[in-house]
Amino acid sequence: TSTYVPAREALDHGRRLNTPLTNANVLVIGGNGPSGLATIELALLEGARVFATADRVHHEFLSKYGAKCFPLDPSKWMSTLEGKMDVVVDSVALDGYESSHKALKPSGMMVCTGMSAVYTQGQIRAFMMRDVRDYKATYCRMRAR
């Protein structure tokens, strides 16, 4: 249950006026992790059309699960999904949530549940500083609001 509660809360934040997600387009960035899988499962149970980004090695499993899969790289899916999502749940922040915002319909809702890419992609050097990942994390938090 510890994985499903945050997934349910993310979807609750994404829905409008507590309406079901029936026929809604839901994009889960980082669909192969535990929270991503729980989000996909709960959205599918509500009748949403679910799209997920993940490393290619996970695509077969996620497709059998019921999600339409795309690579993590936003340039590989943006032309297909831009402006079409009712809800985007992003736990990765690969590009500071830029692509997640672009994927949304004008009335869509983005839910930021993490920023794993900020810390898993190695040190970021800038302005003669050794590592500015904490500054990037701060930027992502501000962008998420």
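One can find the structure itself at the top, above this paragraph.
A. Local environment of the overall build of the protein. Within the protein, the regular secondary structure consists of seven helices and five strands. Secondary structure of the protein in N-to-C order comes out as α-β-α-β-α-β-α-β-α-β-α-α. Scored against the burial criterion, the 145 residues of the protein give a buried share of 41%. Considering only contacts in the protein between residues 6 or more positions apart, those separated by 24 or more positions represent 48%. Accessible surface computed for the protein: about 8,200 Å², of which carbon and sulfur atoms make up 55%.

B. Broad picture of helix α2 (residues 34-45). Given a rise of 1.5 Å per residue, twelve residues ought to cover 16 Å, and the 17 Å separating the end C-alpha atoms of α2 matches this to within 8%. Of all the residues in α2, the buried ones are G36, A38, T39, I40, L42 and A43. Close packing links the buried residues of α2 with α1 (4-14), β1 (25-29), β2 (49-53), α3 (59-65) and β4 (85-90). Just past α2, the residue G47 takes up positive phi, approximately 90 degrees.

C. Representation of unusual backbone geometry within the structure. In this structure, N23 is a non-glycine residue whose phi angle is positive, near 65 degrees. Secondary-structure assignment places N23 in the loop between α1 and β1. Judged by its relative accessible area of 49%, N23 falls in the partly exposed class.

D. Structural view of the environment of D73. As for its position among the elements, D73 is in the loop between β3 (68-70) and α4 (78-81). Expressed as a C-alpha distance, the spacing of D73 and D95, which sit 22 residues apart in the sequence, is 9.4 Å.

E. Here's a closer look at the nonpolar core. Within the largest apolar cluster, 21 residues are counted, with the highest numbers of intra-cluster contacts made by L11, L21, V26, I40 and V50. Only α1, β1, α2, β2 and β4 provide two or more residues apiece to this core. Take this core: its biggest share by element is four residues, from α2.

F. Summary view of α1. By the burial criterion, the buried members of α1 are A7, A10, L11 and G14. For α1, the angular spread of the buried residues around the axis is 95 degrees, confining them to a single face.

G. Structural context of the side chain of R15. Tracing the sequence through the fold places R15 in the loop between α1 and β1. At 3.2 Å, the side chain of R15 forms a polar contact with the backbone oxygen of T19. In this structure R15 touches R8, P20, L21 and E46, once residues within four positions along its chain are discounted.

H. A look at a nonpolar patch on the surface. Together, Y4, F61 and Y65 make up an exposed nonpolar region whose accessible area comes to about 280 Å². With respect to the element layout, F61 can be found in helix α3.

About the cut-offs
- Each chain has its residues counted from 1, running along the sequence as written.
- The predicted origin of the model limits local features to residues at a pLDDT of at least 70 and limits the giving and counting of side-chain atom pairs to 80 or more, whereas totals for whole chains, interfaces and linings rest on all residues.
- Values shown for side chains rest on all heavy atoms present in the structure; no hydrogens or waters enter the calculation.
- Here a strand is any run of E in DSSP of at least two residues, a helix any run of H or I of at least four, and the numbering for each starts at the N terminus.
- Whether a residue is buried, partly exposed or exposed follows from its accessible area with a 1.4 Å probe, protein chains only, as a fraction of its type maximum: under 20%, in between, or over 50%, in that order.
- Contacts are assigned to residue pairs that have any heavy atoms within 4.5 Å of one another.
- Throughout, the Shrake-Rupley method with a 1.4 Å probe supplies accessible areas, and for residues the shown protein chains are the sole cover considered.
- Each residue after the first adds 1.5 Å to the expected span of a helix.
- For the purposes of this section, nonpolar cores are sets of buried Ala, Val, Leu, Ile, Met, Phe, Trp, Tyr and Cys residues that join through side-chain atoms within 4.5 Å.
- Summarising the geometry, the arc corresponds to the directions from the helix axis toward the C-beta atoms.
- Any N or O atom pair separated by 3.5 Å or less is treated as a polar contact, with the protein-specific requirement of one donor-capable and one acceptor-capable atom, and with residues adjacent in sequence counted only for side-chain atom pairs.
- By definition, no residue in a patch forms a salt bridge, and every one has over 30% relative accessible area; like charges are joined within 9 Å, nonpolar side chains (Val, Leu, Ile, Met, Phe, Trp, Tyr) within 5 Å.
- Any carboxyl oxygen of Asp or Glu that lies within 4 Å of a side-chain nitrogen of Lys or Arg is treated as forming a salt bridge with it.

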